Amino acid sequence: MTYSIVAEGLVKRFGQTVALDGIDLAVPTGSVFGLLGPNGAGKTTAVRILATLLRPDGGHAAVCGHDVVTDAHQVRQLTGLTGQYASVDNTLTGLENLILIGRLTGQSRAQARARARDLLAAFRLADAADRAAKTYSGGMRRRLDLAASLVNRPRVLYLDEPTTGLDPLSRNEMWDVVRGLTATGVTVLLTTQYLEEADQLASEIAVVDRGTVIATGTPEELKARTGALTLAVRPADPADVPTVTAIVAGFINAEPVATNTTVTAPVSDERLMPAVVRRLDDEGVVVAELTLRGSSLDEVFLSLTGHRTEEEESVAA
Amino acid sequence: MTTAMESILMDSTVSGNPGGGGGGGRALTPRVGVVDGLRQTFSLAWRTLVQIRHNPLELIDFSVQPVMFLLLFTYVFGGAIGGSPHAYLMFALPGIIVQNSLFTTLNTATGLSTDLKEGFFDRLRSLPIARFAPLAGRIVADLAKQTWAMVLLLGIGYILGFRVGTNALGVLAAFALVLVSTLAISWALVLVSMLAANPEKVQIFGFVVLFPITFTSDAFVRTASMPGWLQAWSKANPVSLISDAVRGLMVSGPAGRPAVESLLYAVAFTVVFAPLAVRAFKRRV
C-alpha cells in the first residue's frame, strides 16, 4: 500500500499550550481518512502543518514524498485546503473567486474561466456564479470553498470540519460531494467532531485527543472496540442500580458506567438487547427506561480514554 | 453529482498534467519564479480592485471623500485661513493630496486585517504562490487607488482654479514622492494590522494616530500661525515635509530640501517598520 500523507511525531506548541504532542499518521493513497476528535484536540493544527501553513516544533511530515517544511512549495502544488480557516473572498462573486485561484496557479485567462465554470456547474452553483459570495447560504459557501480547493487539481485534499455549523440537509449534500470525490482517486484527509460523519465517509479513522492519536482503525474496528451503540438502563428503583450493573457487565467486555439512576455501556451488537431484557426480567428488576442508541463521540471517548471530551477553547488559531 | 465530479477531477490527470504520468507523477516546480511572483501579485491586485465594483461604498471612500475634503476646505475654511478660496486652494491642494494618500494606507491595513480574520489569507498561503504576493498585491492595488485619487484631486482642483506653477515633470515627481512616502509609512500600518485583533481596531488605531499627525502638519495651515511648541513638532512632522515638497514640485518654492528629507523619513520608516511588519506577518499567519 502506498501512503499519500505520512506524519511522524508531530509536535506543536502555542506558548504553554501543547496543541500536538507527537502525532503519527499514515494515510493510504486514494482513501478518505478521518481525523476524529473534540474541539481543541489538535485536528486543525495537524491539518495546518500538513498544508504548510504552520511549522511543526518537532517531528516531520511528508505529502506524496515531499517534506512539508523543506519542500513546502511542492506540497502546495499537490494539496487543496478547505475548512474553517481557509476561505473565499466574500466581496467577490463565486466565479471571480475561482478565476482568481486559477490565475494564481498559472492558468491562462481562458483556462481559468472554463475551469471555474465547470466547477460551479459540478457544485450546483452555476446560477449563483455572478453573485457575491457573502450572499451565499452556509451550504453554498462550503461548496464554493471546496470548489476553490479543487481549482488546482489537488492529489491530496484537506477538509477541515466541512460540515460544522451546517443544517442537516446541507450536511447530507456535503457528504454526497465528498463521496463523489473519492471516486476520482483523490486522497482526502477529513477532520470532524462527529462520529457519524467519520463513520459515513472515512475508510479509516484516527481518534485524536489532547494532541495525540489514541486509536486508529476502520470504522468497524473502532466500533467493535468501543461499541458503536450505547445501551442505557434506568431501573424503576435506584436501589437496583448495582444489580443492573452486574447484569450488563455480564454481556460486555467493558466496565459499565453507573450513575445514581442509570447504567450505560458501549455495545457492538444490537442482538444483545433481548438477552439483557430476559436477564433483567429473571432478576425481577423493573425497568423504567431501556434504550439502545448510536454512541456519541463523547461515549466513544469515554470508552477509549476513560474521560469525557473537554470542550476546550480551540488552540489551533 | 458523482459523474460530474469525476469529470472535474479526472480530466486533471489528462489536460492538467500534460507532462506527468498521472497520479503522483505530475511535474512539480521546485520554487516560484520571480516573474510568476509578479504575475501573482498583479492577479491579487486585480482582486482588490474588483472588490470596488461590488462595494460602491469603497468607491465613495476613495473618490467622493477626497473631493468632499477639497470642496469643504476650499470654500468653508479657505477664506478664513488663506484670505480667499482661490489663494487657499493653491496652498491646500498639495496638502490634501498628501493627507488623502496617507489615509488610503488605512485601506491596506484594514484589508489585510479582514483577509487574516476571514481566512482568505490561509487560502492564499496554501496555494503554490510567492510568499510576498498577497502583501505586494494589496500594496500595488492601493498605489493604483492613490494614483487615481491624486489625478482626481488635481482634475477637480483645476476646475476650481488650481494651476500648476511648475511643469508636468514636477507633477510626476510630486506624485512619485507621495507614493514612495506613503508606501514607506504603510509598513507601520501593516504592522498594526498584524498586531490588532480585527479590522475595526485597525481602523480606530489608524485614525487616532493619522488624524492628529496630519492636522499638526502644514498640510492645511501654515506652521507660522501655530503656537511655538507646536511649530517645532510641525516642522519635523513628515507630513509637513511631504506637503512642502509637493508644493515645491507642483506650485512654487523650494522642493529639494523637503523632498530629500521626506525620502530620508521614507527610508527610516522602511528600515524600522518593514522588518517588524514582516516578522509579525510570519508569526500571525
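Asker: Explanation requested: the overall build of chain B in the structure shown.
Answerer: When helices and strands are counted, chain B shows 11 helices and 0 strands. Counting from the amino terminus, helix and strand elements in chain B follow one another as α-α-α-α-α-α-α-α-α-α-α. Principal-axis analysis of the C-alpha atoms gives chain B an extent of 75 × 35 × 35 Å. Burial status across chain B gives 42% buried among its 285 residues. A fraction of 76% describes how many contacts in chain B between residues 6 or more apart in sequence connect residues 24 or more apart.

Asker: Hey, could you run me through the confidence of the model for chain A in this one?
Answerer: Note: predicted coordinates in regions of low pLDDT should not be interpreted at a detailed level. On average, residues of chain A score 87 in pLDDT, and 94% of them reach the 70 mark or higher. Predicted confidence is poor over residues 311–317 of chain A, with pLDDT under 50, and the contacts of this stretch with residues over four places away or in other chains come to 16 contacts.

Asker: Can you walk me through helix H7 (residues 168–195) of chain B in this structure?
Answerer: Along an α-helix, a turn takes 3.6 residues, which lines up residues three or four apart on a common side. End to end, H7 of chain B covers 41 Å across 28 residues, agreeing with the expected 40 Å (1.5 Å per residue, within 8%). Of all the bends in H7 of chain B, the greatest, near 25 degrees, is centred on Trp187 of chain B.

Asker: What is the right way to look at the interface of chain A and chain B in this model?
Answerer: Interface size, as often reported, equals the accessible area lost upon joining of the parts. If you look at the interface, chain A gives 40 residues, while chain B gives 32 residues. Mapped onto the side of chain A that touches chain B, the elements with two or more residues apiece are helix H2 (72–78), strand E6 (79–83), helix H3 (94–104), helix H4 (109–122), helix H5 (138–150) and helix H6 (168–182) of chain A. When residues in the side of chain A that touches chain B are grouped by element, the largest group, 5 residues, is from H3 of chain A. Looking at side-chain class alone, the side of chain A that touches chain B contains 21 nonpolar, 11 polar and 8 charged residues.

Asker: Got a minute to help me understand the sheet that holds strand E14 (residues 287–294) of chain A in this structure?
Answerer: The pairing of strands in a sheet happens through backbone hydrogen bonds and is either parallel or antiparallel. Residue and element names in this part refer to chain A. One open sheet accounts for 4 strands, arranged E12-E13-E11-E14; its pairing is antiparallel. Of all strands in the sheet, those bounded by a partner on one side alone are strand E12 (257–258) and E14. Examined bridge by bridge, E12 and strand E13 (residues 263–267) share 2 bridges and lie antiparallel to one another. In the sheet register, Val257 faces E13, and the bridge partner there is Thr264.

Asker: What is the right way to read the pairing of strand E11 (residues 229–235) of chain A from this model?
Answerer: Every regular strand shows the same layout, with side chains that alternate between the two sheet faces. Residue and element names in this part refer to chain A. Pairing between E11 and E13: 5 bridges, direction antiparallel. Residue pairing in the sheet places Thr230 in a bridge with Pro266 of E13. Here 7 bridges tie E11 to E14, and the two strands are oriented antiparallel to one another. Its bridge partner lying in E14, Val233 is registered against Leu290.

Asker: Honestly, the sheet that holds strand E2 (residues 17–28) of chain A in this entry has me stumped. Any pointers?
Answerer: All names here are of chain A. Read from one edge to the other, the open sheet built from 4 strands follows the order E2-E1-E4-E5, with strand pairing classed as antiparallel. Every interior strand has two partners, whereas the edge strands, E2 and strand E5 (66–67), have only one. Sheet topology note: the strand E1 (residues 3–14)/strand E4 (residues 58–63) ladder contains 5 bridges and is antiparallel. The residue bridging Glu8 from the neighbouring strand is His60, located in E4. Lying over the sheet, helix H1 (residues 43–50) contacts E1, E2 and E4, oriented at roughly 120 degrees with respect to E1.

Asker: Can you help me understand the packing of H5 of chain A against H6 of chain A in this one?
Answerer: All names here are of chain A. For the pair H5 and H6, the least separation of the axes is 9 Å and the interaxial angle reads 20 degrees. The angle between H5 and H6 falls in the class roughly parallel. In the packing of H5 onto H6, the handedness of the crossing is right-handed. In this structure, H5 contributes Gly138, Gly139, Arg142, Arg143 and Leu146 to the contact, and H6 contributes Ser170, Glu173, Met174 and Val177. For the contact of H5 with H6, a count of residues per class yields 3 nonpolar, 3 polar and 3 charged.

Asker: Just checking my understanding: could you explain the pairing of E2 of chain A for this structure?
Answerer: Residues and elements named next belong to chain A. Here E1 pairs with E2 via 9 bridges, running antiparallel. By the bridge assignment, Phe14 is partnered in E2 with Thr17. What sits between E1 and E2 in their antiparallel hairpin is a turn of 2 residues, with Gly15 showing a positive phi close to 60 degrees.

Asker: When you look at the domain arrangement of chain A in this model, what are you seeing that I'm missing?
Answerer: According to the domain assignment, chain A contains domain 1 (3–223) and domain 2 (229–294). The C-alpha-based centres of domain 1 of chain A and domain 2 of chain A are spaced at 41 Å.

Definitions and cut-offs
- Residues numbered from 1 in each chain as written.
- Chains lettered and ligands numbered in written order.
- Predicted model: local features only at pLDDT ≥ 70, side-chain atom pairs only at ≥ 80, totals over all residues.
- Helix = DSSP H or I, 4+ residues; strand = E, 2+ residues; numbered from the N terminus.
- Buried ≥ 20, exposed ≤ 12 C-beta atoms within 10 Å, placed from the backbone.
- Contact = placed C-beta atoms within 7 Å.
- pLDDT = per-residue confidence, 0-100.
- Expected span 1.5 Å × (residues − 1).
- Bend = angle between axes of the 7 residues up to and from the residue.
- Nonpolar A, V, L, I, M, F, W, Y, C, P; charged D, E, K, R; others polar.
- Pairing = 2+ DSSP bridges.
- Axes fitted to C-alpha atoms, helices over the stretch in contact; angles between N-to-C directions.
- Parallel < 35°, antiparallel > 145°, perpendicular 65-115°, else oblique.
- Left-handed = near helix turned anticlockwise from the far one by under 90°.
- Domains from an automatic or database assignment.

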